[in-house]
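# Coordinate analysis (summary)
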There are 2 protein chains.
Amino acid sequence: MGSGTIGQSWCALFLAAGHQVTAYDPNPSRELEIRAFVSNSEASLRALGYSNAGSLTDFCFTTDVVKAVEGAQVVQESAPENLALKTQLYRLIEPVLDRKSTVLSSTSGITLEMLQTCFFDPSRILIAHPFNPPHLIPLVEVLGNESTAPDLIQWTLSFYEGLGKVPIELKKSIPGHIANRLQAVLWQEVLHLAKEGVASLSDIDRAIVNGPGLRWAIYGPNQLFSLAAGADGLEGFIDHLGPSFQDWWSAAGHVELDTDTRQFIKRNYPSVDENERRAIQAYRDHLICRILNEKKSENRVAPGDHLNPPS
Amino acid sequence: MGSGTIGQSWCALFLAAGHQVTAYDPNPSRELEIRAFVSNSEASLRALGYSNAGSLTDFCFTTDVVKAVEGAQVVQESAPENLALKTQLYRLIEPVLDRKSTVLSSTSGITLEMLQTCFFDPSRILIAHPFNPPHLIPLVEVLGNESTAPDLIQWTLSFYEGLGKVPIELKKSIPGHIANRLQAVLWQEVLHLAKEGVASLSDIDRAIVNGPGLRWAIYGPNQLFSLAAGADGLEGFIDHLGPSFQDWWSAAGHVELDTDTRQFIKRNYPSVDENERRAIQAYRDHLICRILNEKKSENRVAPGDHLNPPS
């Protein structure tokens, strides 16, 4: 439901995993876009082991949202971030939804409580927020609450696991969920350091990719810091580096995305043409797949992970 | 100079790259530790293409710091983060240092200005801060200033490039340089989200590794966000998501590393035993090498990178 960038990407993934997919969008020209996206993502998804990647046999497209959801087990809603619009769509589909179907919203900015007000029965709508590009990045942030049907959060986690994703259950509603909030704080300090003249925006990107970013693809900060302190673990890390962290937190920058920051970016960060953009995207997607496959070829969970099962 | 964890790691790298290395430490038992580290890191460094990895032919160890630096072209100082101690070492070595030798301090917490006060001639001491583990992670943060000898910053950048590293020049002194400050702001929000009950520390690690961290190993946030907005680039990204980022910045958490936080970590983050720790470290190091080699096998700079040459 909704066939923009995110919807197209979900669609390619669901098809690659062998599901029947009906895509809905009010704009009929989206059909060609989706079909092109499915073809273009075939190589990446095949590299990740999705044997049905690229197949459009089980795909259909409609501009009629009611037809789109009839008989559906799962509705992945990726409509624009506009509550009025989502409300309208939800009101149209609820009467025809199967009682056992699940509506999963890709929203990043609208709360579950707000989405639930659009339904007479709020028990089968959850948030399942992907991370760009959704067909390749494993993370899906899943949120239900006390109005959610019993076991439906667990069912949803299993659904995404079955698609080869890594769903993380959010125990509490918070704007931006986890990943976007973390991206945000990181980017604020990036902008601060660049505006302070410590290094260019591009050099800071380069520092991340060749430094902490390289490690964050493998372990999160808790595990890495815990490892750094040896036998003393995360508490030992705080004993050793806590005072420095407190200093850096106090000195962290506050940036406004105002005219000044926009001008700074305009002056200091080059825009790229269409060809270059395609090359950047292809390189990003290729390496995402390679890194995921390197991990898979280890043929086991990462050491340490079994001590911290998903909670 | 200084043969703790960081010094051992530098030592393994310099030897692997074919340099003659004299390691200094006041503690003679460090010699065996270094020799073991060089052996243990042989496989990783060989995987990265260092043909001399593991060789100890050009290695010697001394507990006499004056002997250690005699005739040295480069002194990588990795003594404990204690200005009095570094001052003492610098005063001892300056009289015997070759006029053309360069002293590179691995310090993360002491400013260049403070280090320079330890020398009669402050023109040949720079900061060259590695990122753990230094023998594998490409990033080296390099800082000189107006007292630094002409061209010595450039020489230092070339020196580390010649070692296969990715040096980034810091144009301004700031506590924590770049990478540690970025790690710090990220970790503060991680702790905040965990303490707020949004997800466990381990689930947040898992979200990073399977979400933003996976991308940060490939491109930095500026390039990724620029890509996300298509033809409109980074400014278009701000038009689209700026208000959300401002909200997330306002709502970002402030954490103190106080008793409360320590107790929270103690209760919620398991410590691991020696065997598990070794496995975690081996997995980390193996994947760092695999990711670096995947990038190298593309046999070109990352698309987009040539538009943003190091500044």
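Scoring rules and cut-offs
- Residues numbered from 1 in each chain as written.
- Chains lettered and ligands numbered in written order.
- Predicted model: local features only at pLDDT ≥ 70, side-chain atom pairs only at ≥ 80, totals over all residues.
- Heavy atoms only, no water.
- Helix = DSSP H or I, 4+ residues; strand = E, 2+ residues; numbered from the N terminus.
- Buried < 20%, exposed > 50% of the residue type's maximum accessible area, 1.4 Å probe, protein only.
- Areas by Shrake-Rupley, 256 points an atom, 1.4 Å probe, with all protein chains shown as cover.
- Lys, Arg positive; Asp, Glu negative; His and termini not counted.
- Charge placed at Lys NZ, Arg CZ, Asp CG, Glu CD.
- Contact = heavy atoms within 4.5 Å.
- Polar contact = N/O pair within 3.5 Å; in protein donor to acceptor, adjacent residues only side chain to side chain.
- Domains from an automatic or database assignment.
- Salt bridge = Lys/Arg side-chain N within 4 Å of Asp/Glu carboxyl O.
- Buried area = accessible area lost by both parts, 1.4 Å probe.
- Least-squares fit on C-alpha atoms with pLDDT ≥ 70 in both.

### Comments concerning the overall build of chain A
In terms of helices and strands, chain A carries 14 helices and seven strands. Summarising its shape, the C-alpha atoms of chain A cover approximately 60 × 45 × 40 Å along the three principal directions. The buried share of chain A, reckoned over its 311 residues, is 59%. Accessible area of chain A: about 12500 Å², with a carbon and sulfur share of 50%. Chain A carries 26 positive and 36 negative side-chain charges, and their two centres are separated by 4 Å.

### Some thoughts on the environment of Ser-123 of chain B
Residue and element names in this part refer to chain B. Looking at the secondary structure, you find Ser-123 in the loop between helix H6 (112–116) and strand S5 (125–130). When its relative accessible area of 15% is taken as the criterion, Ser-123 is described as buried. Spatially, the C-alpha atoms of Ser-123 and Ser-147 are 5.3 Å apart, while their sequence positions differ by 24 residues. Non-local contacts of Ser-123, meaning those with residues more than four positions away in its chain, are made with Ser-147, Thr-148, Ala-149 and Leu-152. Engagement of the side chain of Ser-123 in a polar contact is seen with the side chain of Asp-121, the distance being 2.7 Å.

### Focus: the domain arrangement of chain A
Under the domain assignment used here, chain A contains domain 1 (5–170) and domain 2 (179–270). Each of domain 1 of chain A and domain 2 of chain A has a C-alpha centre, and these two points are 32 Å apart.

### Details of the pattern of salt bridges
It is possible for side chains of opposite charge to pair when their charged atoms get near one another. Under the counting rule described, the total for this entry stands at 34 salt bridges over all chains. The closest approach of N and O atoms between Glu-274 of chain A and Arg-277 of chain A, which form a salt bridge, is 2.3 Å. With a gap of three residues between them, Glu-274 of chain A and Arg-277 of chain A both fall in helix H14 (residues 274–297), about one helical turn apart. Glu-274 of chain A gets classed as partly exposed once you look at its relative accessible area, which sits at 38%. The buried category is assigned to Arg-277 of chain A, whose relative accessible area is 11%. Linking Lys-195 of chain B and Asp-260 of chain B is a salt bridge whose minimum nitrogen-to-oxygen distance equals 2.9 Å. Here the residue Lys-195 of chain B occupies a position in helix H8 (residues 179–195), and Asp-260 of chain B occupies one in helix H13 (residues 259–268), the gap between them amounting to 65 residues. Classification of Asp-260 of chain B by relative accessible area gives partly exposed; the value is 47%.

### Considering the interface of chain B and chain A
Taken together, the contacts link 113 residues of chain B with 113 residues of chain A. Surface buried jointly by chain B and chain A totals about 12000 Å² across both partners, of which 68% is contributed by carbon and sulfur atoms. At the junction of chain B with chain A, the criterion picks out ten salt bridges. Linking Lys-172 of chain B and Glu-196 of chain A is a salt bridge whose minimum nitrogen-to-oxygen distance equals 3.2 Å. Connecting chain B to chain A are 36 residue pairs in polar contact (both at pLDDT 80 or more). Those elements that provide at least two residues to the side of chain B that touches chain A are strand S7 (166–170), H8, helix H9 (201–210), helix H10 (212–216), helix H11 (221–228), helix H12 (233–251), H13 and helix H14 (274–297) of chain B.

### Description of the relation of the copies chain B and chain A
With an axial shift of 0.0 Å and an RMSD of 0.0 Å, the rotation relating chain B to chain A amounts to 180°. Those values place the two copies in the arrangement expected of a two-fold rotation axis. A share of 100% of interface residues in chain B that are also interface residues in chain A marks the association as one of identical surfaces.

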